[in-house]
Structure formats: C-alpha cells, structure tokens
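Single-letter residue listing:
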Amino acid sequence: MVKTFYLEFHTQGRSSIVNITEEITKLLKKSQLQEGVLNINCIGSTCALTTLEYEPALVKDLQDLAERLIPASFYYHHNDTWGDDNGHSHLCSCLWGTSLSLAVSNGKLEVGTWQQVVFIDFDIRPRQRKVVLKFIGE
Amino acid sequence: MVKTFYLEFHTQGRSSIVNITEEITKLLKKSQLQEGVLNINCIGSTCALTTLEYEPALVKDLQDLAERLIPASFYYHHNDTWGDDNGHSHLCSCLWGTSLSLAVSNGKLEVGTWQQVVFIDFDIRPRQRKVVLKFIGE
Amino acid sequence: MVKTFYLEFHTQGRSSIVNITEEITKLLKKSQLQEGVLNINCIGSTCALTTLEYEPALVKDLQDLAERLIPASFYYHHNDTWGDDNGHSHLCSCLWGTSLSLAVSNGKLEVGTWQQVVFIDFDIRPRQRKVVLKFIGE
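Attention here is on the structure that accompanies the text. (Residues numbered from 1 in each chain as written. Chains lettered and ligands numbered in written order. Predicted model: local features only at pLDDT ≥ 70, side-chain atom pairs only at ≥ 80, totals over all residues.)

**Focus on the interface of chain C and chain A**
Counting residues at the interface gives 30 residues for chain C and 26 residues for chain A. With 7 residues, helix α2 (residues 56–69) of chain C is the largest single contributor of residues to the side of chain C that touches chain A. For the side of chain C that touches chain A, the per-class residue count stands at 14 nonpolar, 9 polar and 7 charged. (Contact = placed C-beta atoms within 7 Å. Helix = DSSP H or I, 4+ residues; strand = E, 2+ residues; numbered from the N terminus. Nonpolar A, V, L, I, M, F, W, Y, C, P; charged D, E, K, R; others polar.)

**Regarding the relation of the copies chain B and chain A**
Each copy of the sequence occupies a distinct position, and chain B is placed on chain A by a rotation of 120 degrees and an axial shift of 0.0 Å, giving an RMSD of 0.0 Å. Both copies of the chain, as the preceding transformation shows, are related through a three-fold rotation axis. (Least-squares fit on C-alpha atoms with pLDDT ≥ 70 in both.)

**Digging into the relation of the copies chain C and chain A**
In screw terms, the move from chain C to chain A is a rotation of 120 degrees and a rise of 0.0 Å along the axis, fitting with an RMSD of 0.0 Å. Mapped onto chain A, only 13% of the interface residues of chain C again fall at the interface, so the copies present different surfaces.

**Overview of the nonpolar core**
Formed by 123 residues in total, the largest nonpolar core has its most connected members in Leu 62 and Phe 119 of chain A, Leu 62 and Phe 119 of chain B together with Leu 62 and Phe 119 of chain C. Among all residues touching Leu 62 of chain A, those that are not within four sequence positions of it are Ile 17 and Leu 52 of chain A together with Leu 91 and Cys 94 of chain B. (Core = buried A, V, L, I, M, F, W, Y, C linked by C-beta atoms within 7 Å. Buried ≥ 20, exposed ≤ 12 C-beta atoms within 10 Å, placed from the backbone.)

**Here we look at the interface of chain B and chain A**
Between chain B and chain A, the residue contacts involve 26 residues of the former and 30 residues of the latter. Secondary structure elements with two or more residues in the side of chain B that touches chain A: β1 (2–11), β3 (36–42), α3 (78–82), α4 (87–96), β5 (99–105) and β8 (127–137) of chain B. Top contributing element to the side of chain B that touches chain A by residue count: α4 of chain B, with 5 residues. Partitioned by chemical class, the residues of the side of chain B that touches chain A number 10 nonpolar, 14 polar and 2 charged.

**Re the environment of Val 104 of chain C**
All names here are of chain C. If you trace the backbone, Val 104 turns up in strand β5 (residues 99–105). Measuring from C-alpha to C-alpha, the distance between Val 104 and Glu 35 comes to 5.4 Å, with 69 residues separating the pair along the chain. Aside from chain neighbours lying at most four places away, what touches Val 104 is Leu 28, Leu 33, Glu 35, Gly 36, Val 37, Leu 38, Leu 109, Glu 110 and Gly 137.

**Here's the deal with the sheet that holds strand β2 (residues 16–19) of chain C**
All names here are of chain C. Across the sheet, which stays open at both edges, the 3 strands sit in the order β2-β7-β4 with antiparallel pairing between neighbours. Edge positions in the sheet fall to β2 and β4 (47–52), since each has one partner strand and no second. Each neighbouring strand pair of the sheet contributes to a mean axis angle of 30 degrees, computed without reference to strand direction. Where β4 and strand β7 (residues 116–121) come together, 6 bridges link them in antiparallel fashion. Looking across to β7, one finds that Ala 48 is bridged to Ile 120. (Pairing = 2+ DSSP bridges. Axes fitted to C-alpha atoms, helices over the stretch in contact; angles between N-to-C directions.)

Given below as structure tokens:
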C-alpha cells in the first residue's frame, strides 16, 4: 500500500522551526499503515527536515548553529544571481537535507521520547510551505 | 514484503562510532529481501547514522570534525534546560541525521567497498542504543 | 513493484556538482511508477547526494562552504593511512550524506521548481561514478 498526505503551513522564515510530529501521528492513524516506512519530503530549496528534541532552548541553539556555520551576512555568489539575499538559506537546506524516512511498527512511528520531527524554514521571509508524506507498507 | 529487525548495543558515547555493516548484512540475509530498500533509523536525539570508510584514522577525523564544528565546550541554551551538558550532542544528531535508506539488489546491500554503515553516539555518557531496520521490497 | 536503474557518469572530482534531475525524470517515466518513493544512493565514501537550486553561483557557494567547513588543507589522520590526501572528501561525504528518498505522485517527482537533485563528488581526482535508483510503489 502507498498512501499520500500533505501538510501545509505558514512560517515566518529566518530559521523558524516547526514541530510536525503531532500532525504526522494523526495522518499515520488515518493511513492505517501498520508496518512500513513513512517517507517525508519538504518541497523547496530553502527548507529542511530533521529530528530534534523540540524544546525552546534547543530550538534557539539550532538557529544559532545555522548562523554560526553559514552566516547570513557572508558574501554568497547566489545573492548576485537573484538579489534575494538568501544564499545562506539554500546552503543550510542542502546541508541539513530535505528528505527523512522513518520506520512505522504496529501503527506507531519509531522515534524516541525526546525525538520530534521538525521542519526548518531557512528562508528570509514568511512563506507558505508544503511537506509530502508517503506511507509505504502494509 | 516488510520485515523488521532491531540492533541493540552499548556505546561509550562521546562520538563513539560503531560499524554496523556486518550485522546489517546478516539481517539482510535473514530477511530474504532480494530487491528493495533497507531503511535504517536510530532511536534517540543525540545519535546519528551515516556511511563512512570505517578505519581508525578517519574515525578520529570525524570525531575531531564534530568537535570543531559543534564544540562541546560552547555555551548551549539547552544545557540550562536539563543541566545535562549535551546540547552539542543534540545539534550533531540533527545535522548528521538519524535516517538512512540503502538499496538492496540481488540480496546484497548497494554500498561501495570502502563504504560502511556507521552509528555515531554523540551523547556524553555510556548508553544502550537501538536501531530499527525495515526491509521493504520483494 | 520495485524497479532498479543505474546512472553512471564521469566527474572531475574536487566538489564537482552534477545535476541528475533530468536523467531521473526520464528513468521515472521508464519505470512507470505512479505512486511511491524513489530511493537514491551514491556508491562510494567520497561523494554525496542532496537537493539544490542548480545555478552556477550557488554551485560555487556550495563548493566554498565545503572548503570553509572542512578545508582540504587541514591535517587529517586519514591522509596518513593511505596517503591519498582525501580525508576532507570522506568527511564531506559523511556529513552531506549518501542517500536521498523522494516522493513520486501521479508519475511525477515531488520537488520544487527550484529544487534539483544533485550528486557531489568531493574526491580530489577525476572518477567514474555510479548512482542506484530504486523505484518502489505502484
């Protein structure tokens, strides 16, 4: 079986981190998948998906880390191409990654108690975002 | 077909790197999967999965890199939340990633000769760890 | 259904970035997959797969970023093991990652308009490379 769902939401950009675990859990129930894999993709080249203990202090640490490794204020050639000043957003996206695959067993997501699924919007302005969920298995 | 296996092992934390390729190869045989995908997840928010040429010098280089990019001694807000001093461990986990999907063809894992599947425990203390393997295909 | 295809190509190494989106789109059509997941792996421990807006300036930015985070000129223990001076190539590979899973809906890859699938060759010399595509679903 293959079932498809979409999540759509609005973010403020600038490394906004959205905890999508609860929505995923609801859609997993709806999908009736018992054993298999949930594949998640974010659509866009300035966002990312990963797992994180979603608590405010760590959210801040992750935002600081992105800024430390790939500072918004550096010179990026990409900013000359479109003039949209989000070269660092693209680089964060391609480093953190835009796909995530999670095991489903007995109808439940196999993640740790302190491990949430998060969407990161690295872009520099508010945006409407879309995430694709593919439930594959039995 | 969907088949599920678990690997459980003990690590010393502090960027311990465990080569789980041989165990995966054994479980692949046991699963009898011929064509498909093996999805691997580590459970927890201070560990990661990736591929690496598993040899002692490169293992050391990877540990040095984690410490250079995300130093344990930096100030992390997360450490104020729980007082467990592993803010850097969480950040390493979310950057390296906790999921990995590998092709299986003719009953064999499609990896290079010098490419092993490794588990990294970024936490700061010894821990018991669990990895989920989902074999999907024919 | 599980269908397997391979892409093979030559690169110049030194962070060459190859846009493989068009080849993937052709093979997706050939696979006749309508709903499912495309799993992609690069074979080797000095290369990576990710998504990126593929335009020359951003390609240059990504190459600069790899060099800034993991400089080729640093000392790496791995270089003492084989003397092949590609310690940084291995580290880039294991950080960016060698697997990618993308949703397929209505026979189309679910990626953004400005989001291409790219292969990065972090090695230090020209190489022949191989990527495995597994189409899974209906």
